[in-house]
Amino acid sequence: TALFNFQSLMLVVLLTICTCTYLRAQAPSLVDRNKTGFVGLFWKAARIGERLSPYVSIACFVMAFQLIMH
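Description of the structure in this document. (Residues numbered from 1 in each chain as written. Predicted model: local features only at pLDDT ≥ 70, side-chain atom pairs only at ≥ 80, totals over all residues. Heavy atoms only, no water.)

Here we look at the environment of Thr19
Moving on, step 1. Looking at where Thr19 falls in the secondary structure, it is placed in helix 1 (residues 6-26).
Moving on, step 2. Along the chain, Thr19 and Gly49 lie 30 residues apart, while their C-alpha atoms are 9.0 Å from each other. (Helix = DSSP H or I, 4+ residues; strand = E, 2+ residues; numbered from the N terminus.)

Here's what the structure looks like:
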């Protein structure tokens, strides 16, 4: 049902970005060895999380505030 609700879709995307960025910081070889194909999406999510970390963290705070108020 996350595909049909925009708020849920954004939550899944943000959690994926944050998780992949954390995994790459803890175990870089786990994420870096697969840069192509479907698993390459996790490498791309980690890169987005590293390069846009202030914006991703602001989006996480906004999403958390919105979920609390909802």
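Past the structure itself, the notes keep going.
What about the packing of helix 1 against helix 3 (residues 40-51)?
Moving on, step 1. Where helix 1 meets helix 3, the closest approach of the two axes is 7 Å, and the angle between their N-to-C directions is 90°. Taken together, helix 1 and helix 3 sit at an angle that is classed as roughly perpendicular. For the pair helix 1 and helix 3, the contacting residues are Thr16, Ile17, Cys20, Thr21 and Arg24 in the first and Phe42, Trp43, Ala45, Ala46, Arg47, Ile48, Gly49 and Glu50 in the second.
Moving on, step 2. When the residues that make up the contact of helix 1 with helix 3 are grouped by side-chain class, the tally is seven nonpolar, three polar and three charged. (Axes fitted to C-alpha atoms, helices over the stretch in contact; angles between N-to-C directions. Parallel < 35°, antiparallel > 145°, perpendicular 65-115°, else oblique. Contact = heavy atoms within 4.5 Å. Nonpolar A, V, L, I, M, F, W, Y, C, P; charged D, E, K, R; others polar.)

What to know about the nonpolar core
Moving on, step 1. Within the largest apolar cluster, eight residues are counted, these being Leu14, Ile17, Cys20, Val31, Ala45, Ala46, Val56 and Met63.
Moving on, step 2. Of the residues forming this core, the biggest block, three residues, is contributed by helix 1. (Core = buried A, V, L, I, M, F, W, Y, C linked by side-chain atoms within 4.5 Å. Buried < 20%, exposed > 50% of the residue type's maximum accessible area, 1.4 Å probe, protein only.)

Thoughts on helix 1
Along an α-helix, residues three or four apart share an orientation, since each turn contains 3.6 residues.
Moving on, step 1. Helix length check: helix 1 (21 residues) gives 30 Å between terminal C-alpha atoms against 30 Å at 1.5 Å per residue, within 8%.
Moving on, step 2. Of the residues making up helix 1, those classed as buried are Gln7, Leu14, Ile17, Cys20, Thr21 and Arg24.
Moving on, step 3. In the core, the buried residues of helix 1 are packed alongside helix 2 (28-32), helix 3 and helix 4 (53-69). (Expected span 1.5 Å × (residues − 1).)

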